[in-house]
Amino acid sequence: MSGREPSDGPGAEELLALAADAGIHRLAIPTPFQVGRVNAYLIEDSPLTLIDSGPNSGKALDELEQALAARSHTIEDIELLVVTHQHIDHFGLASILARRSGAEVAALEELAPYLRDFGVSTELDDRFAERTMLRHGIPSDIVTALRAVSASFRAWGSAVQVTRPLADGAELTLRDRTLRVLHRPGHSPSDTVFLDESRSILLAADHLIAHISSNPLLARPLDADGDYTGPRPQALLTYMASLEKTRAMDLSLVLPGHGEPIADHAALIDRRLRHHHHRAEKIHGLIAVQPRTAHEIALELWGNVAVTQAYLTLSEVLGHVDLLLEDGRVLEQETDGVVRFAAG
Ligand SMILES: [Zn+2]
């Protein structure tokens, strides 16, 4: 869930101009999703590099071609394609771009099998989501409806072969810069950020966004082959640990996967961390009144949005409940396969 916030500090134009001086150009690509446009970044270096591609749609491809043409490039010119994480608004076009350009495709090594077997990966993701939703009190008719929605979204993704798997901490060397590869899971298990070391510019994708709080979506772990039935992954705790790492970095500029550049990442991260603690308190208040399922808590907080966006809101609640569980303030009680949370 997200709250719009005013931006402060240097204006977006100014920050984009700074990035452009460093040879990094934002290409805002349309998506059919509520999030709006996704930012791909063209790095005019050798190899000519594109960070993320946009979703697999004719409209995205068309606008990407136009944006490249405005900088005197074609799709065929792209030599290196970098995938930041497993969400289809970011990598859906990658296979088409790779085929047309012959570009290398680089991504975190743990993400490579997921992208290669995209169809199977999303099927397993859906099954994981389905079990999680039923376990946390979402009625089965809603679960069925959401599965259909998810299946219809799949066409905006596409399987892609990673030719250059990247280890966490590795370097991606271009002629004029070195990009440090840093795994920052939380928003998704595969979130990878890329640090232009000499310029202290961070290409952050959805790890940090100025105008919306990134949703730490509950996701099947990347190393689970087949159905995952282990303990619930703690997406928000993982995300907050990743944010702390980024906060400690000395950065001049953060270029996010959606919206405007970020000048003061530490202040933004502090706001995000405060927001998560605040929301955890609110949820604790609801649980203190009576034991509730995560879905019941989501209904209290968001009403009908907890139905139309049942998985998103469930992820949001469970993330914050994990904060409370960690502090021993909440207990998990299971009856007939359904979990309720009670005050500890
Ligand atoms: Zn994402």
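Just above sits the structure.
Reading the values: the criteria
- Residues numbered from 1 in each chain as written.
- Predicted model: local features only at pLDDT ≥ 70, side-chain atom pairs only at ≥ 80, totals over all residues.
- Heavy atoms only, no water.
- Helix = DSSP H or I, 4+ residues; strand = E, 2+ residues; numbered from the N terminus.
- Buried < 20%, exposed > 50% of the residue type's maximum accessible area, 1.4 Å probe, protein only.
- Contact = heavy atoms within 4.5 Å.
- Areas by Shrake-Rupley, 256 points an atom, 1.4 Å probe, with all protein chains shown as cover.
- Lys, Arg positive; Asp, Glu negative; His and termini not counted.
- Charge placed at Lys NZ, Arg CZ, Asp CG, Glu CD.
- Phe/Tyr/Trp six-rings, centres within 6.5 Å; stacked < 30°, edge-to-face > 60°.
- Donors = N, O, S within 2.8 Å, 3.2 Å for Na, K, Ca; no water.
- Tetrahedral: all angles 85-135°; square planar, octahedral: opposite > 155°, others 65-115°.
- Right-handed = clockwise from strand over helix to strand, strands pointing away.
- Expected span 1.5 Å × (residues − 1).
- Arc of directions from axis to C-beta.
- 1 Å grid on protein atoms, 1.4 Å probe; cavity = no way out; pocket = protein on both sides within 12 Å on 5 of 7 lines; lining within 4 Å.
- Points joined across faces, edges and corners; volume = space filled by probe spheres on them.

**Considerations on the overall build of the protein**
Right, so step 1: Tallying secondary structure elements over the protein gives twelve helices and 13 strands in all.
Right, so step 2: Reported as C-alpha extents along the three principal axes, the dimensions of the protein are approximately 60 × 40 × 35 Å.
Right, so step 3: Of all 344 residues assigned to the protein, the portion counted as buried reaches 54%.
Right, so step 4: Contacts in the protein between residues at least 24 apart in sequence constitute 68% of all its contacts with a sequence separation of at least 6.
Right, so step 5: Working note: accessible area of the protein is about 14200 Å², and carbon and sulfur atoms make up 51% of it.
Right, so step 6: Distance between charge centroids for the protein: 2 Å, based on 31 positive and 49 negative side chains.

**Some thoughts on the packing of aromatic side chains**
Right, so step 1: Counted according to the given criterion, the structure contains five aromatic pairs.
Right, so step 2: Where F33 meets F153, the ring centres are 5.2 Å apart and the plane angle is 75°; that geometry is what we call edge-to-face. Linking F33 in the loop between strand 1 (24-29) and strand 2 (38-43) with F153 in helix 7 (residues 140-153), this pair joins segments that are 120 residues apart in sequence.
Right, so step 3: Ring geometry for F91 and F118: centres 5.5 Å apart, planes at 80°, overall edge-to-face.

**Comments concerning the coordination of the zinc ion**
Right, so step 1: Only H85 (NE2), H87 (ND1), H187 (NE2) and D206 (OD) from the protein coordinate the zinc ion, and they sit 2.1 to 2.3 Å from it.
Right, so step 2: If you look at the zinc ion, its four donor atoms make angles of 88 to 171° with each other, and the shape they trace is irregular.
Right, so step 3: Written as a sequence motif, the donor residues of the zinc ion are H-x1-H-x99-H-x18-D. In this pair, H187 sits in the loop between strand 8 (178-183) and strand 9 (192-196) while D206 sits in the loop between strand 10 (201-205) and helix 8 (235-247), placing the two residues 19 residues apart along the sequence. Like H187, the residue D206 is buried in the burial classification.

**Description of the pairing of strand 11 (residues 253-256)**
Right, so step 1: Burial along strand 11 is two-sided: L253 and L255 and V254 and P256, pointing in opposite directions, are all buried.
Right, so step 2: The parallel pair strand 10 and strand 11, bridged by helix 8, forms a crossover whose chirality is right-handed.

**Thoughts on unusual backbone geometry**
Right, so step 1: With an omega dihedral of 0°, the bond running from S46 to P47 counts as a cis peptide bond.
Right, so step 2: Turning to its location among the elements, P47 is positioned in the loop between strand 2 and strand 3 (49-51).
Right, so step 3: A positive phi angle, close to 55°, is found at S200, a residue other than glycine.
Right, so step 4: Along the chain, S200 falls in the loop between strand 9 and strand 10.
Right, so step 5: The class of S200 is partly exposed, set by a relative accessible area of 21%.
Right, so step 6: Positive phi values are uncommon outside glycine, yet D336 reaches one of about 50°.
Right, so step 7: With respect to the helices and strands, D336 occurs in the loop between strand 12 (330-335) and strand 13 (338-343).
Right, so step 8: Judged by relative accessible area, which is 77%, D336 ranks as exposed.

**Overview of helix 2 (residues 58-70)**
Right, so step 1: Look at helix 2: 18 Å from first C-alpha to last across 13 residues, which is about the 18 Å you get at 1.5 Å a residue.
Right, so step 2: Listing the buried residues of helix 2 in full gives A60, L61, L64, A67 and L68. Taken around the axis of helix 2, the buried residues stretch over an arc of 130°, which confines them to a single face. Along helix 2, exposed side chains directed more than 90 degrees from the buried face belong to G58, K59 and A70.
Right, so step 3: Summarising the contacts, the buried residues of helix 2 are in contact with strand 1, strand 2, strand 3 and helix 4 (94-101).
Right, so step 4: Phi turns positive one or two residues past the end of helix 2, at S72, with a value near 65°.

**Thoughts on helix 4**
Right, so step 1: Within helix 4, six of the eight residues are buried, which leaves the element mostly enclosed by the surrounding structure.
Right, so step 2: Along helix 4, the residues that are buried comprise A94, S95, I96, L97, A98 and S101.
Right, so step 3: Residues of helix 4 that are buried in the fold lie against strand 3, helix 2, strand 4 (80-82), helix 3 (88-91) and strand 5 (104-108).
Right, so step 4: Immediately beyond the C-terminal end of helix 4, within one or two residues, lies G102, with a positive phi of roughly 75°.

**Brief notes about the layout of surface pockets**
Right, so step 1: Volume-wise, the largest pocket comes out at about 1600 Å³.
Right, so step 2: Around the largest pocket, the lining is made up of 47 residues, and of these H87, F153, L217, Q309 and L312 lie nearest the centre.
Right, so step 3: Residue assignment for the lining of the largest pocket shows that the elements contributing at least two residues are helix 3, helix 6 (118-135), helix 7 and helix 12 (310-326).
Right, so step 4: Tallying contributions element by element places helix 6 first for the lining of the largest pocket, with seven residues.

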